Amino acid sequence: MADAVAGRDRCGEQRLVSLPLSRIRVIMKSSPEVSSINQEALVLTAKATELFVQYLATYSYRHGNGKERKALTYSDLSHTAEESETFQFLADILPKKILASKYLKMLKEKREEDEEENDTDDGSPGDEAES
């Protein structure tokens, strides 16, 4: 397995891509619009994916706290997704981590705001005095 990550096949020869092509094929075929996949298209998609992941990781490392810790963390990736216009489309996939208690508090506040908006939108000022 370590050889595949390093870009070498079982015979020790250099591979063009490191990602497993069979899994990429399965992902591509999961789209109802795709009926068959050309081998060249598969290899190009794998290589493009590798380059994208490499660029995302490098950008996140340089613009996050990775240099200080000499490690790339999930928070570096999520910060990049939120702050960089280039990676904004990943914001839903890489959300910032929050504690469950913080989330529940935010959810409660949002519900209270929604209830207040509904109360003011529903009726006239006389209706509020009756309730």
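Refer to the structure printed above.
Residues numbered from 1 in each chain as written. Predicted model: local features only at pLDDT ≥ 70, side-chain atom pairs only at ≥ 80, totals over all residues. Heavy atoms only, no water.

> Would you take a moment to explain the overall build of the protein for this structure?
Across its full length, the protein carries seven helices and zero strands. Each helix (α) and strand (β) of the protein, taken in turn from the N terminus, gives the series α-α-α-α-α-α-α. Per-residue burial for the protein yields a buried fraction of 16% across its 131 residues. With an accessible surface of roughly 10700 Å², the protein has 53% of that area assigned to carbon and sulfur atoms. (Helix = DSSP H or I, 4+ residues; strand = E, 2+ residues; numbered from the N terminus. Buried < 20%, exposed > 50% of the residue type's maximum accessible area, 1.4 Å probe, protein only. Areas by Shrake-Rupley, 256 points an atom, 1.4 Å probe, with all protein chains shown as cover.)

> What is the right way to read a nonpolar patch on the surface from this model?
Judged by side-chain polarity, Ile98, Tyr103, Leu104 and Met106 come together as a nonpolar surface patch covering roughly 410 Å² of accessible area. One can find Met106 in helix α6 (residues 100-122). (Patch = residues over 30% accessible without salt bridge, like charges linked within 9 Å, V, L, I, M, F, W, Y side chains within 5 Å. Salt bridge = Lys/Arg side-chain N within 4 Å of Asp/Glu carboxyl O.)

> What exactly am I supposed to notice about the packing of aromatic side chains here?
Aromatic ring pairs are described here by two measures, namely the spacing of the ring centres and the angle between the planes. The tally for this structure, following the rule as stated, stands at five aromatic pairs. Summarising the aromatic geometry, the rings of Phe52 and Phe87 are spaced 6.0 Å apart at their centres and angled 55° between planes, so their arrangement reads as tilted. In this pair, Phe52 sits in helix α3 (residues 39-63) while Phe87 sits in the loop between α5 (74-83) and α6, placing the two residues 35 residues apart along the sequence. A connected cluster of aromatic rings, assembled from ring pairs, spans Phe52, Tyr55, Tyr59, Phe87 and Phe89. Stacked on the ring of Tyr74, the Lys or Arg Lys97 has its end atom at 5.0 Å from the ring centre. (Phe/Tyr/Trp six-rings, centres within 6.5 Å; stacked < 30°, edge-to-face > 60°. Lys NZ or Arg CZ within 6 Å of the ring centre and 35° of its normal.)

> So what exactly am I meant to see when it comes to the side chain of Ser78 here?
Turning to its location among the elements, Ser78 is positioned in helix α5. Here the side chain of Ser78 touches Ser75 through a polar contact of 3.1 Å, landing on its backbone oxygen. Apart from the residues lying within four places of it in its own chain, the contact partners of Ser78 are Leu94, Pro95 and Lys96. (Polar contact = N/O pair within 3.5 Å; in protein donor to acceptor, adjacent residues only side chain to side chain. Contact = heavy atoms within 4.5 Å.)

> Got a minute to help me understand the side chain of Glu50 in this structure?
The residue Glu50 is located in helix α3 in this model. Relative accessible area serves as the criterion here: at 17%, Glu50 is assigned to the buried category. The contacts of Glu50, once residues within four sequence positions are left out, are Val17, Ser18 and Leu19.

> What is the right way to read the pattern of salt bridges from this model?
Side chains that differ in charge, positive against negative, can pair when their charged atoms come close. Enumeration over the complete set of coordinates arrives at two salt bridges. Salt-bridge contacts for Lys47 lead to Glu50; the nearest nitrogen and oxygen are separated by 3.8 Å. Here Glu50 and Lys47 lie together in helix α3, a separation of three residues that amounts to about one turn. The shortest N-O distance in the salt bridge between Lys110 and Asp114 comes to 3.8 Å. Here Lys110 pairs with Asp114, and both are found in helix α6, just four residues apart, close to one helical turn. Judged by its relative accessible area of 47%, Lys110 falls in the partly exposed class.

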